[in-house]
Amino acid sequence: MTSMTKQILEILPAIDVKDGRAVRLVQGELSQESTYGLPVDVARDFVSQGAKWIHLVDLDAAFGIGSNFELIQEVIKSVEIKIELSGGIRNEETLIRALSTGCTRVNLGTAAIEDPEWTAKVISEYGPRIAVGLDVRGHTLAARGWTREGGDLFEMIELLDAAGCSRYIVTDVAKDGTLTGPNFELLKEVCAVTKVPVVASGGISVIQDLIDLRDLTPIGIEGAIVGKAIYSGSFTLEQALKAAGE
């Protein structure tokens, strides 16, 4: 009799930082912002509920309108769990600075789209500490805080696979912050063309979404970034972790 391996979906609760506060946007629109207190307090609360990861985003850096670097450092130092850091990492200087915070890995978005050669170089240099965020509308990539188009999703995956990318974070921009459910079709399409683990982001609204994503772990879905559903009280982080099998 063969033993079944338990399927576990990694849950990464999100903290998006803007002007020193934890916020949530809808479809990346700065005009549609809700505030949820101090990022350090939110991080500690997530840890107390059992988080093993936090997806931490400097929104001001992502949009090129400022930086919350000292605060980001403080959040990372305040918790002893894994941190995936994102926002404004676009060149050697900002990458080294981001890695110096003690985060587990960084998520490259715009840089990967606009400078694939540099991205390939840092992937070979830093390996699993580099993840690439693929933010898409349909099958078209979105860059610069989702304000610009950046080419074809599948062509980019082919390039990044060849460079040895260790992980993709796939966000359907149209779903993000909307609580309308993930784009399962898109996630399956991405998993079908790469053997690299995929973290799902955008639209998660109910516990069943996480159960359905966990069912996709055999095809390559490794984790899920959860933001608005937790902040708006759709479910707790503890409930999410339980549903994910953690």
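Residues numbered from 1 in each chain as written. Predicted model: local features only at pLDDT ≥ 70, side-chain atom pairs only at ≥ 80, totals over all residues. Heavy atoms only, no water.

The record held by UniProt for the protein chain lists under Pathway (unreviewed entry) the comment "Amino-acid biosynthesis; L-histidine biosynthesis; L-histidine from 5-phospho-alpha-D-ribose 1-diphosphate: step 4/9." According to the UniProt record, the Sequence similarities (unreviewed entry) comment for the protein chain is "Belongs to the HisA/HisF family." (UniProt positions renumbered as here; feature names shortened; annotations may be inferred.)

What follows covers the side chain of Thr119. By the secondary structure assignment, Thr119 is in helix 6 (residues 116-126). Contacts of Thr119, omitting those with residues within four sequence positions, involve Leu108, Ala111, Ala112, Val132 and Leu160. (Helix = DSSP H or I, 4+ residues; strand = E, 2+ residues; numbered from the N terminus. Contact = heavy atoms within 4.5 Å.)

Attention shifts here to the environment of Leu141. Locating Leu141 in the fold gives a position in strand 8 (residues 140-143). Through-space distance from the C-alpha of Leu141 to that of Leu153 is 5.7 Å; in sequence the pair is twelve residues apart.

Of the positions making up helix 6, those classed as buried are Trp118, Thr119, Val122 and Ile123. For helix 6, the angular spread of buried residues about the axis comes to 140°, placing them on one side. In this structure, helix 6 carries Glu117 and Ser124 as exposed residues pointing more than 90 degrees from its buried face. The inward-facing, buried residues of helix 6 contact helix 4 (92-99), strand 6 (105-108), helix 5 (110-114), strand 7 (130-137) and helix 7 (153-163). Gly127 sits one or two residues past helix 6 and shows a positive phi near 55°. (Buried < 20%, exposed > 50% of the residue type's maximum accessible area, 1.4 Å probe, protein only. Arc of directions from axis to C-beta.)

Counting buried positions along strand 10 (residues 168-172) gives five out of five residues, so the element sits mostly inside the fold. Where burial is concerned, the two faces of strand 10 agree: the one with Tyr168, Val170 and Asp172 and the one with Ile169 and Thr171 are both buried. Bridging between strand 7 and strand 10 involves five bridges; their strand directions are parallel. Following the sheet pairing, Val132 is matched in strand 10 by Tyr168. (Pairing = 2+ DSSP bridges.)

Within helix 3 (residues 69-78), the full set of buried residues consists of Phe69, Leu71, Ile72, Val75 and Ile76. Each buried residue of helix 3 sits inside an arc of 160° when the element is viewed along its axis, so together they form one side. Facing away from the buried side of helix 3, by more than 90 degrees, are the exposed residues Glu70 and Lys77. Contact partners of the buried residues in helix 3: strand 1 (10-18), helix 1 (39-48), strand 4 (53-58), strand 5 (82-86) and helix 4.

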